[in-house]
Amino acid sequence: MDLKQVEKKWQKIWADTGLYKFHRDRVDKKCYVLEMFSYPSGAKLHAGHWYNYGPADSYARFKRMQGYEVFQPMGFDAFGLPAENYAIKTGIHPQDSTMKNIATMEEQLKKIGAMYDWDYEVYTCVPEYYKWTQWLFLQLYKHGLAYRKEAPVNWCPSCNTVLANEQVVQGECERCGTTVVRKNLTQWFFKITDYAEELLAGLDKLDWPEKTKLMQKHWIGKSYGGDIEFAVKGREEKFRVFTTRADTTFGVTYVVLAPENPLVDVITTPECRAAVEEYKLNASKVTEIDRLASNREKTGVMTGAYAINPVNGREVPILVADYVLASYGTGAVMGVAAHDERDFVFAKKLGLPIERVVKSADGSPDELPYTDYGVMVNSGEFDGMTSEEGKIAVIKKLEAEGKGALKTNYRLRDWLVSRQRYWGAPIPMIHCEHCGVVPVPEEDLPVRLPYNVEFKPDGVSPLAKSEEFMNVKCPVCGRPARRDPDTLDTFVCSSWYYLRYPDNRNDKAAFDREWIDKMLPVDKYIGGAEHACMHLLYARFFTKALRDMGYLDFDEPFLSLVHQGTILGSDGNKMSKSRGNVVSPDDSIAQYGADVFRVYLMFGFSYVEGGPWNDNGLESIGRFFDRVERVVKKCYGMNFEKRAPEKAEKELNYVRNTTIKSVSADIETFSFNTALARIMEFVNAIYAYDAAVQNKSTLFNDCVKDLVLLLAPFAPHFAEELWEMLGQTYSVFDQRYPVADEKALVRDEVELAVQVNSKLRARITVAQDAAKEDIEKAALEAVAAQLGGGAYKKIIIVPGRLVNIIA
RNA sequence: GCAGUCGUGGCGAAAUUGGCAGACGCGUCGGAUUUAGGUUCCGAUGGGAGACCGUAUGGGUUCGAGUCCCUUCGACUGCACCA
């Protein structure tokens, strides 16, 4: 059959009959299947998109055939850096290129033949959407979850522009090669850290890949310890360090501040100032990634100031070193050279003292640095305590003296959402000389992104150059004021799109609470593992924050998550233009059709693994389709006998039902490759029956019908055509997926392997319900020769599998 | 550097979760159909002549290990001196 014609035909009929329209009145049966939406970059839909969307759609179709009201929307994550860079290069406006790309990708997406209900489509870059992104920002602001603070950005002094991390290559600007420095700007943050504990605790309940949960767990990075307060000698100032090893506090021989720590400027002595300033300048030139490279040589300088260790009153030097980060803990660390790997290296390098205060508990000799737990020594009243006891006891004592506190620390940082970019949602805030920072009133939303803006980089946010945009009346006092010139991180747009889909036309609210409480959470979310920590964590945060603000009533957005693997080029490398190994789906589809392409992707790879592309796999799927088509054609119009040979009937019916059972189970776990293998076996069994039995009964017809139904989610156009060929009524997707007849799954006889001393020696066939004694007897008979005298120590029987005789 | 995942025929991969390793497919070989090639249908296909040997490596637990534990090697992904 001409698959391309068939695909066109059914895509039209599906659209004309509205087959995939979501029925809102059946919401109690809803199944929300969501694939991560596309980013419409210059490129077209690639093999990776297909690998995400094709199998996911097969899952959705399976759910539909099980009677669920499937909601499977599609949309575009349309704001972002690539469109803007493309514009800087070509002069084509981001809005124009983006809308054009979207149109192309929509066409391509329609060719997949997926069940998307396009009525619910969403673009994040249109005012109808970003109005509500801005509204969400305002709600977070009103609830104290959005705030401003200074934070460093990557700054190219030559281009006069802020760079994204990916635009910094080995510390240099990717465009001009100038060394990138860090520069502080006042920017907006979302207080995701308020939810650190809940984000961590909620992971347990989720049906997500374990490794993804583990990655989020590490990202949140909870650790138990305490703050310890050090006074600066001869000054008023005090500062705290966070430590998980307070049992080593007596071994502190120095303390280190991060170069960005504001205290540095305050305490540095005049003699040391020049060196410290130079050190700070150099540190600002090193990107965070380079600065944190583990094999990098440790550096640091003295501030000239001294700190007083609160446990023993000892004076220790205060240094500045870039291995201490301002963003983690308190931006200050106590140096315990004897019991910390990094401190040890640092102390050696700078000639600082090293003093042991912990030794191994069993008294066995150990070398420094000794980083394990042990027993405290040289620690005054704490001598003899174990590290476990000591790290609590030391903090508790300090706490009583007001010089410390037990503390749980999180690695997670607040989410920086300001971008000094054009192509994003404007931040809906106004800066008034008299009233300060004022939110845009909700009735004034959206704050529209102006079209005519000079977005080429020249030192300020592109929007800052648009007087028309910037000038606004202060909503509080009415006097002239300025808008915030920054736009929102695109992750903000994608943190709530799944909430907008079900209610995408709502112009009164971001979404109707009652409705989305019925439609959400998402039942199955499918997308790449690269989003494990950012997108998936941000979306969870948004859901929880919206719940607490009273806009919805569930805790988690995505109950169940699957990551598809990556399809590599046929050379085993990641597909990339520079390698020239990119596989274009369009060519394959033009040749074989969308269904063959989709089935190839599902059969040839383990879904979560992916793997290298292989050209000749497509052809074999085409042949499989032909094989199915032939048996369907043969079946239609055939005259059936009432009875056929019982044995052949029983065998075929057995295969039929085991196929149904395992295919259903496999789709549920996204094991598409094995599901298709079972279907192929079923086809083989139908052929075997056909060859062996002259006068076929209606079982043959039933099996062929089941075959088409089983195949339908995988090859939707093809199956719809076959269903019609069988004289059945439209549509195959309104049929129920076959359900196995449990009675047919029981076989009269089973084959068991017989082992002697765990080595396979024979096979026996016994009745399904054979008694233990009978099995033993049959097994012993079968291996009588090997056993010789017949003596044995014991027999192990694994029901339905094997018998192992230990001689 | 740390963490996670993984390593199975010529190739893509399976393996009921500790129970007959290699399902299914590709490729290859053979047979049938065909004037022939292709298509189609049927069969064989881990290695070895064999007893046997085989799931990266070396050990361990077990009646039994691809699966669990430890060692080493390699690949991929993530994180980045996390105090």
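These notes cover the structure that comes with them. The shown structure was predicted, so the numbers you read here are calculated from the model rather than taken from an experiment. (Residues numbered from 1 in each chain as written. Chains lettered and ligands numbered in written order. Predicted model: local features only at pLDDT ≥ 70, side-chain atom pairs only at ≥ 80, totals over all residues. Heavy atoms only, no water.)

1. Some remarks on the packing of aromatic side chains
Right, on to step 1. Taken as a whole and assessed by the stated rule, the structure comprises 50 aromatic pairs.
Right, on to step 2. Ring geometry for Tyr195 versus Phe541: centroids 5.6 Å apart, planes at 65°, classification edge-to-face. Remark: Phe541 occurs in helix α17 (residues 535-548) and Tyr195 occurs in the loop between β9 (181-190) and α6 (196-201); sequence separation between them is 346 residues.
Right, on to step 3. Given a relative accessible area of 9%, Tyr195 falls into the buried group.
Right, on to step 4. Taken together, a centroid distance of 5.9 Å and an interplanar angle of 55° make the contact between Trp415 and Phe542 tilted. Linking Trp415 in strand β19 (residues 415-416) with Phe542 in helix α17, this pair joins segments that are 127 residues apart in sequence.
Right, on to step 5. Judged by relative accessible area, which is 2%, Trp415 ranks as buried.
Right, on to step 6. Owing to a relative accessible area of 3%, Phe542 belongs among the buried residues under this scheme.
Right, on to step 7. The rings of Trp50, Tyr51, Tyr59, Phe597, Tyr600, Phe605, Tyr607, Trp613, Phe670 and Phe672 are connected pair by pair, giving a single aromatic cluster.
Right, on to step 8. The lysine or arginine in question, Lys149, covers the ring of Phe189, its NZ or CZ lying 4.6 Å from the ring centre. (Phe/Tyr/Trp six-rings, centres within 6.5 Å; stacked < 30°, edge-to-face > 60°. Helix = DSSP H or I, 4+ residues; strand = E, 2+ residues; numbered from the N terminus. Buried < 20%, exposed > 50% of the residue type's maximum accessible area, 1.4 Å probe, protein only. Lys NZ or Arg CZ within 6 Å of the ring centre and 35° of its normal.)

2. Here we look at the sheet that holds strand β2 (residues 69-71)
Right, on to step 1. Spatial ordering of the open sheet is given by β2-β1-β26-β27, a layout of four strands whose pairing is parallel. Across the chains shown, the open sheet's two edge strands, defined by having one partner strand only, are β2 and β27 (561-562).
Right, on to step 2. Where strand β1 (residues 30-35) meets β2, three bridges bridge the pair, whose relative direction is parallel. Within β2, the residue paired with Cys31 across the bridge is Val70.
Right, on to step 3. Contacting β1, β2 and β26 (524-526), helix α2 (residues 47-65) runs over the sheet at an angle of about 175° to β1. (Pairing = 2+ DSSP bridges. Contact = heavy atoms within 4.5 Å. Axes fitted to C-alpha atoms, helices over the stretch in contact; angles between N-to-C directions.)

3. Details of the side chain of Lys63
Right, on to step 1. Along the polypeptide, Lys63 turns up in helix α2.
Right, on to step 2. Among residues more than four places away in sequence, those in contact with Lys63 are Cys31, Tyr68, Val70 and Glu668.

4. Quick notes on the packing of helix α20 (residues 616-635) against helix α24 (residues 716-725)
Right, on to step 1. The interhelical angle for the contact between α20 and α24, taken along N-to-C directions, is 15°, at an axis separation of 10 Å. In this view, α20 runs roughly parallel relative to α24, as classed from their interaxial angle. Crossing geometry of α20 relative to α24 is assigned as right-handed. Seen from α20, the contacting residues are Phe625, Val628, Glu629, Val632 and Lys633; seen from α24, they are Phe718, Leu722 and Met725.
Right, on to step 2. Of the residues assigned to the contact of α20 with α24, the class counts are six nonpolar, no polar and two charged. (Parallel < 35°, antiparallel > 145°, perpendicular 65-115°, else oblique. Left-handed = near helix turned anticlockwise from the far one by under 90°. Nonpolar A, V, L, I, M, F, W, Y, C, P; charged D, E, K, R; others polar.)

5. Some points on unusual backbone geometry
Right, on to step 1. Between Leu445 and Pro446 the backbone carries a cis peptide bond, its omega angle lying at 0°.
Right, on to step 2. Note on placement: Pro446 falls in the loop between β22 (436-439) and α13 (467-470).
Right, on to step 3. Cis peptide bonds are those with omega within 30 degrees of zero, and the linkage from Leu520 to Pro521 qualifies with 0°.
Right, on to step 4. Here Pro521 shows up in the loop between α16 (513-519) and β26.
Right, on to step 5. Not every positive phi belongs to a glycine, and Asn378 is a case in point at roughly 50°.
Right, on to step 6. Mapped onto the elements, Asn378 comes out in the loop between β17 (375-376) and α12 (387-400).
Right, on to step 7. In this structure, Asn757 takes a positive phi of about 50° despite not being glycine.
Right, on to step 8. What makes Asn757 partly exposed here is its relative accessible area of 41%.

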